[in-house]
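Results of the structural survey
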Amino acid sequence: MNEAKLIIGGVFADAEGGAVYDRLEPVSERLATRAASASPNDAKEAANAAAAAFPAWSRTDPRERSEILLKAADLVEARSDDFVAAMIDEIGSARPWAQFNCRLAAEILRQSAGQTEFGNLETSPTDGNGVQSVLQRQPVGVVLGIAPWNAPVVLGFRAVAAPLACGNTVVFKASELCPKTHSLVVEILGEAGLPAGAANLVLHAPDDAEKIVETLVAHAAVRRVNFTGSTRVGRMVAGTCATHLKRCLLELSGKAPLIVLDDADIDAAVAAAAFGAFFNQGQICISTERIIVDRSIADVFVEKLIAKTDTLAAGDPSTGDFPLGSMISASAALRVRALIEDAVGKGAMLVSGGEVADTIMQPTVLDHVDSSMQIYREESFGPVAAVIRAHGEDEAVSIANDTEFGLSSAVFGGDLTRAKSVADRLETGVCHINGPTVYDDPRMPFGGCKASGYGRFGGEAGVREFTELRWLSIHEEKPEYPI
């Protein structure tokens, strides 16, 4: 059994009154982690600790901040076995997905380490009235980071790395579904030399999420909020932030399309589609939810996709190495199965997979999906490749944009100029040409549009999210006033 405590002011702490909750393994339902269950008072103490640490951390030499983040990246790699074990226990992750999490998390930390120095952005010369203007970026204060369970190491470090690099302190509100995995995020930062209180961890029981978030957003020291999760919860977080006039960055649900044009490399498109649809059982916000294939090549594409899918298998990661692992819960698997049954009942063809045994769902291919089916519009968040056949690129673009979501997308085509023209018409924050929808580069701005959220993680865009733009005027001559 794992144990996870709150981390407040650099100290491992029990929750008020010793309150705890249990996180069970998804497959066996054995006890995975016993975690402290914070009260609103505990949440306030975490924010107070972050506020107390802010003055010193914000004035820390940027090179020192960079060194700490670089050491944290090394520690993530050195302790990857701990992260992998926690992910297997708490979310039923397959080992390849857990290892991928560690590699990308280390990249995020290293990228953030390179952005600790931003200083003055622009200085304008005296404009004739004896006034010089300087534009500055400076840390904002305490940042609340809220990360989900599905990519817990990647999204856990993403929630805090850029804010810390910019000189802010953080309160990290962990997912109730992976308390030990998320506690390791803050533990690693402490081991790397982050000062006490610069990063604080709040854990809570599932039923307490709303009041804990409300308490933290309302705290006077919290100046920014970043949230990654579902659109449904994101709307609630945005509403709470609006009530308290707090800026927030939201990265929410997706329904990523992968368009396969008639001149595409079919084998390359199949490999990307299978990876994007099935990796981590499709439980990724940028998973390939819709594969939109030109009708002229659809039969060949589907035949090859079935062959690829048949090489993959989901299984209990605690009993062996499988390419795919467990769904987060049996109810999640049943919800996806219901979407499949709805589609088949309305004319789709189940051509591969679809079997469900408790939380273990085999990768599934549905052909001839259309707009009458629930899976056409609803985010499945499961291992389902839904193939939609299109007449030409104009219809493919129309289908791709026929969704409330706009996070990731991909286009496969042999003519890159044509493929780019198709990509330019897609209503998504991210698009990849001849690459999978599941792709990230920490140096690049990442985020969505429409119901997939707003704001951007990564690169210079991330610095803008977690700093305040300030205008400083220097009056070199005595002004003349009109009164």
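See the structure printed just above.
This structure is a prediction, so every number in the text was calculated from the model and none was measured. Per chain, residues are indexed from 1 in the order of the written sequence. Since the coordinates come from a predicted model, pLDDT governs what is reported: local features require at least 70, and pairs of side-chain atoms require 80 or more to be given and counted, while whole-chain, interface and lining totals use all residues. Computation of side-chain values covers all heavy atoms of the structure but excludes hydrogens and water.

Details of the overall build of the chain
- Of regular secondary structure, the chain possesses 15 helices and 25 strands.
- Here the C-alpha atoms of the chain give a radius of gyration of 24 Å, agreeing with the 23 Å that 2.2 N^0.38 yields for 483 residues.
- Once the C-alpha set of the chain is aligned to its principal axes, its extents read approximately 75 × 60 × 40 Å.
- Partly exposed describes any residue whose relative accessible area lies between the buried limit of under 20% and the exposed limit of over 50%, with all areas from a 1.4 Å probe on protein chains only and scaled to the type maximum. Out of the 483 residues belonging to the chain, those deemed buried represent 59%. Numbering of helices and strands runs from the N terminus, with a helix taken as a DSSP run of H or I at least four residues long and a strand as a DSSP run of E at least two residues long. Using C-alpha atoms as the atom set, the radius of gyration is obtained and then compared with a globule rule of 2.2 Å times the number of residues to the power 0.38.

Overview of the nonpolar core
- In this structure, Phe83, Phe157, Val171, Val225, Ile259 and Val369 are the most contacted members of the largest nonpolar core, which totals 132 residues.
- Note on definitions: a residue-residue contact is assigned when non-hydrogen atoms from the two residues lie within 4.5 Å. Setting aside residues no more than four positions away along its own chain, Val171 makes contact with Ala46, Ala47, Ala50, Val142, Val143, Leu144, Gly145, Asn200, Val202 and Leu216.
- Here, the term nonpolar core denotes a set of buried Ala, Val, Leu, Ile, Met, Phe, Trp, Tyr and Cys residues that are joined through side-chain atoms within 4.5 Å. Grouped together as the second largest cluster of nonpolar side chains are 26 residues, Leu258, Ala264, Ala274 and Ile297 included.

Points about the sheet that holds strand S19 (residues 384-390)
- Two strands make a pair as long as DSSP finds a minimum of two bridges between them. One open sheet accounts for 7 strands, arranged S15-S18-S19-S14-S13-S21-S22; its pairing is mixed. Strands with a single pairing partner mark the edges of an open sheet, and in this sheet they are strand S15 (349-352) and strand S22 (432-433).
- Pairing of S15 with strand S18 (residues 364-367) involves 3 bridges; the strand directions are antiparallel. Bridge pairing links Met349 to Asp367 in S18.
- Only the stretch in contact is used when fitting a helix axis, every axis being a line fitted to C-alpha atoms; angles between N-to-C directions are given from 0 to 180 degrees. Together, S15, S18 and S19 form the strand contacts of helix H11 (residues 330-345), whose direction differs from that of S18 by roughly 25°.

Considerations on unusual backbone geometry
- Despite not being glycine, Asp358 has its phi angle at roughly 60°, a positive value.
- Relative to the helices and strands, Asp358 is located in the loop between strand S16 (356-357) and strand S17 (360-361).
- Accessibility expressed as a relative area gives 62% for Asp358, which makes it exposed.
- Although it is not a glycine, His368 sits at a positive phi angle of roughly 60°.
- Note that His368 resides in the loop between S18 and helix H12 (374-377).

Some words on the pattern of salt bridges
- Salt-bridge detection follows one rule: a side-chain nitrogen of Lys or Arg within 4 Å of a carboxyl oxygen of Asp or Glu. This model, assessed by the stated rule, comprises 29 salt bridges.
- A salt bridge links Lys346 to Asp342, with the nearest nitrogen and oxygen atoms 3.0 Å apart.
- Of the charged contacts, one joins Glu393 and Arg425 as a salt bridge, the two residues approaching to 3.9 Å between their closest N and O atoms. Here Glu393 is found in helix H13 (residues 392-400), whereas its partner Arg425 is found in the loop between helix H14 (416-423) and S22, with 32 residues between them in sequence.
- Where salt bridges share partners, they join Asp262, Asp263, Glu393, Asp394, Arg418 and Arg425 into one cluster.

Observations regarding the environment of Ala161
- Residue placement: Ala161 occurs in helix H5 (residues 152-165).
- A C-alpha to C-alpha distance of 9.5 Å links Ala161 and Leu189, two positions 28 residues apart in sequence.
- The residues touching Ala161, leaving out its near neighbours within four places in the chain, are Leu69, Ile108, Leu109 and Ser112.

Digging into helix H2 (residues 62-78)
- One less than the residue count of a helix, multiplied by 1.5 Å, gives the span that helix is expected to have. In this model, H2 (17 residues) spans 24 Å end to end at C-alpha, consistent with the 24 Å of a helix rising 1.5 Å per residue.
- Taken residue by residue, H2 has Arg65, Ser66, Ile68, Leu69, Ala72, Ala73, Leu75 and Val76 as its buried positions.
- Contact partners of the buried residues in H2: helix H1 (40-58), helix H3 (80-91), helix H4 (95-113), H5 and helix H6 (179-191).
- Definition of a polar contact: a pair of N or O atoms within 3.5 Å, with one able to donate and the other able to accept a hydrogen when the atoms are protein atoms, and with sequence-neighbouring residues admitted only if both atoms are side-chain atoms. The opening residue of H2, the one whose side-chain oxygen lies 2.7 Å from the backbone nitrogen of Arg63, is Asp61.

Here's the deal with the environment of Ser408
- By the secondary structure assignment, Ser408 is in the loop between strand S20 (405-406) and strand S21 (410-412).
- Since its relative accessible area comes to 2%, Ser408 is described here as buried.
- Residues Ser408 and Gly254 lie 154 residues apart in sequence; the distance between their C-alpha atoms is 7.1 Å.
- Among all residues touching Ser408, those that are not within four sequence positions of it are Ala256, Pro257, Ile286, Thr428, Val430, His432 and Thr437.
- Within polar-contact distance, the side chain of Ser408 engages the backbone oxygen of Thr437 at 2.9 Å.

Here we look at the pairing of strand S9 (residues 169-173)
- Summarising burial for S9: 5 of the 5 residues are buried, a large majority.
- Here S9 shows a buried face lined by Thr169, Val171 and Lys173 and a second buried face lined by Val170 and Phe172.
- Remark: the strand S8 (residues 142-146)/H5/S9 crossover connection has right-handed handedness.
- Relative to strand S10 (residues 199-202), S9 runs parallel, the two being bridged by 4 bridges. Bridging across to S10, Val170 finds its partner in Ala199.
- Viewed with both strands pointing away, a crossover whose connecting path from the first strand over the helix to the second turns clockwise is right-handed. On the question of chirality, the crossover connecting S9 to the parallel S10 by way of H6 is right-handed.

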